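Residue-level listing of the chains:
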Amino acid sequence: MVMPLFSDGLTVHTQSHDYPIIIRAKSTIAEQIAPYISGRQVLIVSNDTVAPLYLQPLQEQLAKRFTVAVCILPDGEQYKNQASIDQIYDALMAQHFNRDVTLIALGGGVIGDMTGFAAASFMRGVNFIQIPTTLLSQVDSSVGGKTGINHRQGKNMIGAFWQPQMVLADMSTLQTLPARELSAGLAEVIKYALIMDSEFLTWLEQNLPAMMALDLAILGEAVKRCCEYKATVVAQDEREAGLRALLNFGHTFGHVIETHEGYGNWLHGEAVAAGMVQAAKLSQKMGWLSVDDVERIKHVLKLANLPTEPPPIAVDTALDLMGHDKKVKQGQIRLILLKSLGQAVLTDDFEASLLTEVLS
Ligand code: NAD
Ligand code: GLY
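Treat the numbers as computed from the prediction; the structure is a model and nothing was measured.

Novice: Looking at this structure, how should I read the packing of helix 6 (residues 179-196) against helix 8 (residues 216-236)?
Specialist: Helix packing for two helices is described by the angle between their axes and how far apart those axes are. Helix 8 packs onto helix 6 with a crossing angle of 50° between their chain directions and a minimal axis gap of 10 Å. When the axis of helix 6 is compared with that of helix 8, the two are oblique. As helix 6 packs across helix 8, the resulting crossing turns out to be left-handed. Contact residues: L182, V189, Y192 and M196 in helix 6; L219, A222, C226, Y229, K230 and V233 in helix 8. Partitioning the contact of helix 6 with helix 8 into residue classes produces 9 nonpolar, no polar and 1 charged.

Novice: So what exactly am I meant to see when it comes to helix 9 (residues 251-261) here?
Specialist: Structural remark: α-helix, 3.6 residues per turn; residues separated by three or four positions point the same way. Within helix 9, 8 of the 11 residues are buried, which leaves the element mostly enclosed by the surrounding structure. Of the residues making up helix 9, those classed as buried are H251, T252, F253, G254, H255, V256, I257 and E258. In this structure, the buried side of helix 9 is in contact with strand 9 (154-161), helix 6, helix 10 (268-285), helix 12 (315-322), strand 11 (335-340) and helix 13 (352-359). Immediately downstream of helix 9, the backbone of G262 shows phi near 95°, a positive value.

Novice: Sorry, what's going on with the site of ligand 1 here?
Specialist: Taken together, the neighbourhood of ligand 1 is formed by 27 residues, with D75, E77, G109, T134 and T176 sitting nearest. D113 is positioned with one of its side-chain polar atoms (N or O) 3.0 Å from a nitrogen atom of ligand 1. Note that a nitrogen atom of ligand 1 is positioned 2.7 Å from one of the side-chain N or O atoms of T176. Contact with the protein chains covers 91% of the free accessible surface of ligand 1, which is 860 Å². Those elements that place two or more of their residues in the shell around ligand 1 are helix 2 (51-63), helix 4 (109-121), helix 5 (135-141) and strand 9. Broken down by class, the residue content of the shell around ligand 1 amounts to 7 nonpolar, 11 polar and 9 charged.

Novice: Just checking my understanding: could you explain the pairing of strand 12 (residues 343-347) for this structure?
Specialist: Put simply, side chains in a regular strand alternate between the two faces of the sheet. Pairing geometry for strand 11 and strand 12, over 5 bridges, is antiparallel. The residue bridging S340 from the neighbouring strand is Q343, located in strand 12. Here strand 11 folds back onto strand 12, and the loop between the two strands holds 2 residues, one of which, G342, carries a positive phi near 95°.

Novice: Mind showing me how you'd approach the pairing of strand 7 (residues 127-132) here?
Specialist: In terms of burial, strand 7 is largely enclosed, as 5 of its 6 residues are buried. Bridge analysis of strand 6 (residues 102-107) against strand 7 gives 6 bridges, and the strand direction is parallel. Bridge pairing links G107 to P132 in strand 7. Note on the crossover from strand 6 through helix 4 to strand 7: the handedness is right-handed.

Novice: Would you take a moment to explain the site of ligand 2 for this structure?
Specialist: Near ligand 2, the surroundings consist of D140, K146, K230, E240, R244, L247 and N248. One of the side-chain nitrogen or oxygen atoms of K230 is found 2.5 Å away from an oxygen atom of ligand 2. Computed on the free molecule, ligand 2 has an accessible area of 190 Å², of which 90% lies beneath the protein chains in the complex.

What counts, and where the lines are drawn
- Residues numbered from 1 in each chain as written.
- Chains lettered and ligands numbered in written order.
- Predicted model: local features only at pLDDT ≥ 70, side-chain atom pairs only at ≥ 80, totals over all residues.
- Heavy atoms only, no water.
- Axes fitted to C-alpha atoms, helices over the stretch in contact; angles between N-to-C directions.
- Helix = DSSP H or I, 4+ residues; strand = E, 2+ residues; numbered from the N terminus.
- Parallel < 35°, antiparallel > 145°, perpendicular 65-115°, else oblique.
- Left-handed = near helix turned anticlockwise from the far one by under 90°.
- Contact = heavy atoms within 4.5 Å.
- Nonpolar A, V, L, I, M, F, W, Y, C, P; charged D, E, K, R; others polar.
- Buried < 20%, exposed > 50% of the residue type's maximum accessible area, 1.4 Å probe, protein only.
- Near = heavy atom within 4 Å.
- Polar contact = N/O pair within 3.5 Å; in protein donor to acceptor, adjacent residues only side chain to side chain.
- Areas by Shrake-Rupley, 256 points an atom, 1.4 Å probe, with all protein chains shown as cover.
- Pairing = 2+ DSSP bridges.
- Right-handed = clockwise from strand over helix to strand, strands pointing away.

Set out below in structure tokens:
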């Protein structure tokens, strides 16, 4: 039986095609996604943590209607690389799958980003579907078509914009998610509030304890709101000419942490949390946020059990790593800062000395 509906009619509008985000408390996943599979061939991509939890019923049900193959990758951000993409290509080639194939990403953001990139590049582009099973991937990475892998010197350096045919967020999958991963996802939820909606920040302050206690109705409401924010941004700026960059609030600082500490040691969401505080401190030094605002941000992150300080990183090293950021333009580091709570701006108009102060 399909459990109560969280969201109907949530559509992402993009240049290539429009697609739905379906959010369910608990669903028969295969039933929900089957209408969005156009050919007869399906490759499910997952990893060795998620597959034992959710693969079997999906595979069995789809196999009644489609030719289904499976590619299980090793779990971890450190495997978000070309070798894993090659494993996906190998599985597709072994099956003699062609342009009719639909790839299905069953997992978190790492699996979603890699499956999307393989779909974007196999035979110059085939369909794919996102089944995000982490909070982070439900509120962010599964929506909007950013796909890709890491390079040794920088995160997500190689990739493509490639939109899925649909996104299915089954909230019940969060019941098996480790608490640390739930917190990491909450960092991206809090990000939306800080850049787009101060009223949502108040809502989070009230509801984060219930979300931490895995109240799926409240979590579903948060996923719905975040997907609405993201769909609005993506519809206006799919290729990140400007507005979409705001979704990277805290990420330039966070990527420094992730790259410096080694992929997978600090979770993406944890690094983004500490990075958002650094960006907020710079915003405060610019005179845009008050000290109380920065404290409020730290408080809400602490409610989600997230770090508010980065690990020690030498300023020169941090600046060097920031130089690889995709937002760098004509050699100038550009950052997302907060004009106020709920209002973000992309700017290179800050004193280098203020950035140095924040980094030290
Ligand atoms: P992840 O994919 O590594 O998943 C986190 C961990 O949880 C993994 O060990 C995974 O196997 C496990 N897991 C997943 N679902 C589970 C479940 N239901 N039960 C138990 N365990 C489960 O990490 P993530 O936080 O989902 O995604 C982070 C990645 O997303 C990063 O690579 C980041 O760069 C990327 N990202 C991409 C975008 C985008 O727009 N494409 C946006 C944000 C982040
Ligand atoms: N996660 C940032 C983006 O999708 O643009």
